[in-house]
Amino acid sequence: MNRRSAIVLGLAASILAACGGQVPSFGGANAAGRSAVYKINDTQAQAIPFRALDSINAIRARAGLGALQFSAELNAASLTHSRDMSVQNRPWHFGSDGSSPLLRVQRVGFQGRFLGELISETFETELQTINAWLLEPTTRNVILDPEATVMGFAWYQESNGKIWWTLMTGA
């Protein structure tokens, strides 16, 4: 691991820890010795987008970048794609109808400039997913794009606990 990666990792971990508040834990074993699964309940569902936005904005501020705002259109495109990835049972950037991220944001009426899309298939929380995105240069660059001004963030959770996350950025 190079020095820059170590700094980013440490910075991300400290910011995400500070932003987390009451983030549910999962993984490992519960009292009965079974694996615990992160299940999103209604209360958590309301808090997740704001925890994600606050965390990303804290990371961007530490990098000297402007804050992002939610875009209703990018949120809608993110939710549509999260559900569609579940239907396809694979994390990838194309819809079951062959649609690209650019076409999806156009379909929901996004008037800005589409910049990037991040996806994940996981059993992890939103903060753990954001942290994983920060560890890879290509996905970190989407979060830290200096041109980004808006974002969309959504997920779809299957009954088995698997979560399909989508984050989109634009200007």
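Parameters at a glance
Residues numbered from 1 in each chain as written. Predicted model: local features only at pLDDT ≥ 70, side-chain atom pairs only at ≥ 80, totals over all residues. Heavy atoms only, no water. Salt bridge = Lys/Arg side-chain N within 4 Å of Asp/Glu carboxyl O. Helix = DSSP H or I, 4+ residues; strand = E, 2+ residues; numbered from the N terminus. Buried < 20%, exposed > 50% of the residue type's maximum accessible area, 1.4 Å probe, protein only. Pairing = 2+ DSSP bridges. Contact = heavy atoms within 4.5 Å. Axes fitted to C-alpha atoms, helices over the stretch in contact; angles between N-to-C directions. Core = buried A, V, L, I, M, F, W, Y, C linked by side-chain atoms within 4.5 Å.

Taken as a whole and judged by the stated rule, the model has four salt bridges. A salt bridge links Arg-113 to Glu-147; its shortest N-O distance comes to 2.8 Å. Of the two residues, Arg-113 sits in the loop between α4 (101-107) and β2 (114-122) while Glu-147 sits in the loop between α6 (137-143) and β3 (150-157), which places them 34 residues apart along the sequence. By relative accessible area, which is 44% here, Glu-147 ends up partly exposed. Ionic pairing is found between Lys-162 and Glu-121, a salt bridge with its closest N-O pair at 2.9 Å. Highlighted residues: Lys-162 in the loop between β3 and β4 (163-170) and Glu-121 in strand β2, separated in sequence by 41 residues.

The next point concerns the sheet that holds β3. Taken in spatial order, the four strands of this open sheet run β1-β3-β4-β2, and their pairing is mixed. Strand pairing shows two members of the sheet lacking a second neighbour, β1 (69-70) and β2, which therefore form its edges. The sheet strands contacting helix α5 (residues 126-135) are β2, β3 and β4, and the helix crosses β2 at an angle near 120°.

Right, let's get into the nonpolar core. Counting residues in hydrophobic clusters, the biggest one holds 21 residues, and the most contacted among them are Ile-130, Trp-133, Phe-153, Trp-165 and Leu-167. Elements supplying a minimum of two residues to this core: α2 (42-62), α5, α6, β3 and β4. Tallying contributions element by element places α2 first for this core, with five residues. Not counting chain neighbours up to four residues away, the residues in contact with Trp-133 comprise Leu-118, Ile-119, Ser-120, Thr-139, Arg-140, Ile-143, Phe-153, Trp-165 and Leu-167. If you look at the next biggest cluster of nonpolar residues, it comprises six residues, including Leu-74, Ala-77, Phe-110 and Met-168.

Turning our attention to the environment of Ala-63. Position of Ala-63 among the secondary structure elements: in the loop between α2 and β1. Sequence spacing of Ala-63 and Pro-146 is 83 residues, and the spatial spacing of their C-alpha atoms is 9.5 Å.

By themselves, these are just geometric observations and shouldn't be taken as functional.
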